[in-house]
Amino acid sequence: MKVLAAFLMCFLLSCGTVSQESMLRQSELYASRIAFGWEKLGSFQLRGNARLQGSNLVARGPFVLWGNAEEGLLRGDFYGPDGRPVVSIKGDSTGVLIYMPQDEYASFMPGGLCVGGGTLPVIDLVHLLRTGYPLVMEAWEITGSASVSGERIQWIFCVCDTVDRMILSMENGAIFPSECEWKTGEFTIRASSPHDEYNSWPWSWSTRINNSAVDLELTDINCSVVPWEGIWEMTVPILIDTVDSAPFWQPELQPDRR
């Protein structure tokens, strides 16, 4: 009877657990899905609603965000309830420019967006918007740098030899990662768009970067729209503050090269 009871206990416990092998297979499927979505992505336009909150800003309203995956470009405007832009963003290979016209303030981050102790280049930000993964990497590299923690898949990123870490987590059975955390911020993906899993986008975001919080809810994704001439430009009629540059985030677990 004791042997039977022990067997039944082990059986019941095993029914509620997920094997490491199945989780790693899920990471392979995720890597293949996002590679499919990334490879066919060109220019796109995202529309939705946003809530912005910073040290001197609280605003809620629509936004329009343009991106180009081939050249690594971003251009967006976030509007207040009065229809006027409260934050405008321009990003390319040189860095990210953020302009707040109502506050008459603008800042430039060299190399990309400052996230914690590191920097994400604009091409990586475009990749993040499309796939939920914060670095442009090959599918085999994404799979090879994945680890399993409990019933979550995790990817850990670092900045050179510092103690700064960024941890991306994905739940069992999910289409996209659920959250990414670092010392001074985080983002969560709360929903995916109503497409099949190979064409789905992250649909609802909640982010906290340094001292700013942004909630995004998409209402439209357009991958066939043609950007008009000058869409990637932004005129800033005031003095621009330049933020100190920071090294780029990179995967902590380096996969074996194939």
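Within each chain, residues carry numbers counting from 1 in the order of the written sequence. This being a predicted model, a pLDDT of at least 70 is required before a residue's local features are given, and a value of 80 or more before pairs of side-chain atoms are given or counted; all residues contribute to the totals for chains, interfaces and linings. Water and hydrogen atoms play no part in the side-chain values, which are based on all heavy atoms of the structure.

### Notes on helix 3 (residues 122-131)
Helical periodicity: at 3.6 residues per turn, an α-helix aligns residues three or four positions apart in one direction.
Piece 1. Most of helix 3 sits out of view: nine of its ten residues are buried.
Piece 2. Burial classes: relative accessible area under 20% of the type maximum marks a residue as buried, over 50% as exposed, and values in between as partly exposed (1.4 Å probe, protein chains only). Only runs of H or I of at least four residues qualify as helices and only runs of E of at least two qualify as strands under DSSP, and these elements are numbered from the N terminus. Those residues of helix 3 lying buried are V122, D124, L125, V126, H127, L128, L129, R130 and T131.
Piece 3. Note on helix 3: the residue one or two positions beyond its end, G132, has a positive phi of about 85°.

### Let's talk about helix 2 (residues 20-39)
Piece 1. Across its 20 residues, helix 2 extends 29 Å between first and last C-alpha, which sits within 8% of the 28 Å expected from 1.5 Å per residue.
Piece 2. Taken residue by residue, helix 2 has M23, Q26, S27, Y30, A31, R33, I34, G37 and W38 as its buried positions.
Piece 3. In this fold, the buried residues of helix 2 make contact with helix 3, helix 4 (139-144), strand 9 (147-149), strand 10 (152-158) and strand 11 (165-171). Between the first and last residue of a helix there are one fewer steps than residues, each counted as 1.5 Å, and that sum is the expected span. In what follows, a contact means two residues having at least one pair of non-hydrogen atoms within 4.5 Å.

### Focus: the nonpolar core
Piece 1. In terms of nonpolar packing, the biggest core is built from 56 residues, with V87, Y133, W155, F157, M166, F187 and W249 touching the most fellow members.
Piece 2. Sequence-distant contacts of F157, defined by excluding residues within four places in its chain, comprise Y133, P134, L135, D164, R165, M166, L168, W249, Q250, P251 and E252. In these notes, a set of buried Ala, Val, Leu, Ile, Met, Phe, Trp, Tyr and Cys residues joined through side-chain atoms within 4.5 Å is what counts as a nonpolar core.

### A short note on the pattern of salt bridges
Piece 1. Salt bridges are counted wherever a side-chain nitrogen of Lys or Arg sits within 4 Å of a carboxyl oxygen of Asp or Glu. Summed over all chains, the structure comprises seven salt bridges.
Piece 2. Note that D77 is salt-bridged to R75, the shortest N-O span being 3.2 Å.
Piece 3. You can call D77 buried: its relative accessible area is 17%.
Piece 4. Among the residues examined, R75 registers a relative accessible area of 11% and is labelled buried.
Piece 5. Here R165 ties to E252 by a salt bridge, and the two come within 2.3 Å at their closest N and O atoms. Taken together, the positions of R165 in strand 11 and E252 in the segment after strand 17 (250-251) put the pair 87 residues apart, joining distant regions of the chain.

### Things to note about the confidence of the model for the chain
Piece 1. A residue's pLDDT is the confidence the predictor assigns to it, expressed on a 0 to 100 scale. On average, the chain scores 89 in pLDDT, and the residues at 70 or more come to 91%.
Piece 2. The low-confidence segment residues 1-16 (pLDDT under 50) makes one contact with residues lying over four places distant or belonging to another chain.

### A look at the packing of aromatic side chains
Piece 1. When the centres of two rings from Phe, Tyr and Trp lie within 6.5 Å, Trp using its six-membered ring, the rings pair. Their planes under 30 degrees apart give stacked, over 60 give edge-to-face, and anything left gives tilted. Tallied over the full model, the rule gives ten aromatic pairs.
Piece 2. A ring pair is formed by F63 and F78, whose centres lie 5.3 Å apart and whose planes are at 25°; its orientation type is stacked. One end of the pair, F63, is in strand 2 (residues 57-68); the other, F78, is in strand 3 (residues 73-79), and 15 residues separate them in sequence.
Piece 3. Taking relative accessible area as the criterion, F78 reaches 8% and is therefore assigned buried.
Piece 4. Through pairs of rings, three or more aromatic residues link up here, namely Y30, Y133, W155 and F157.

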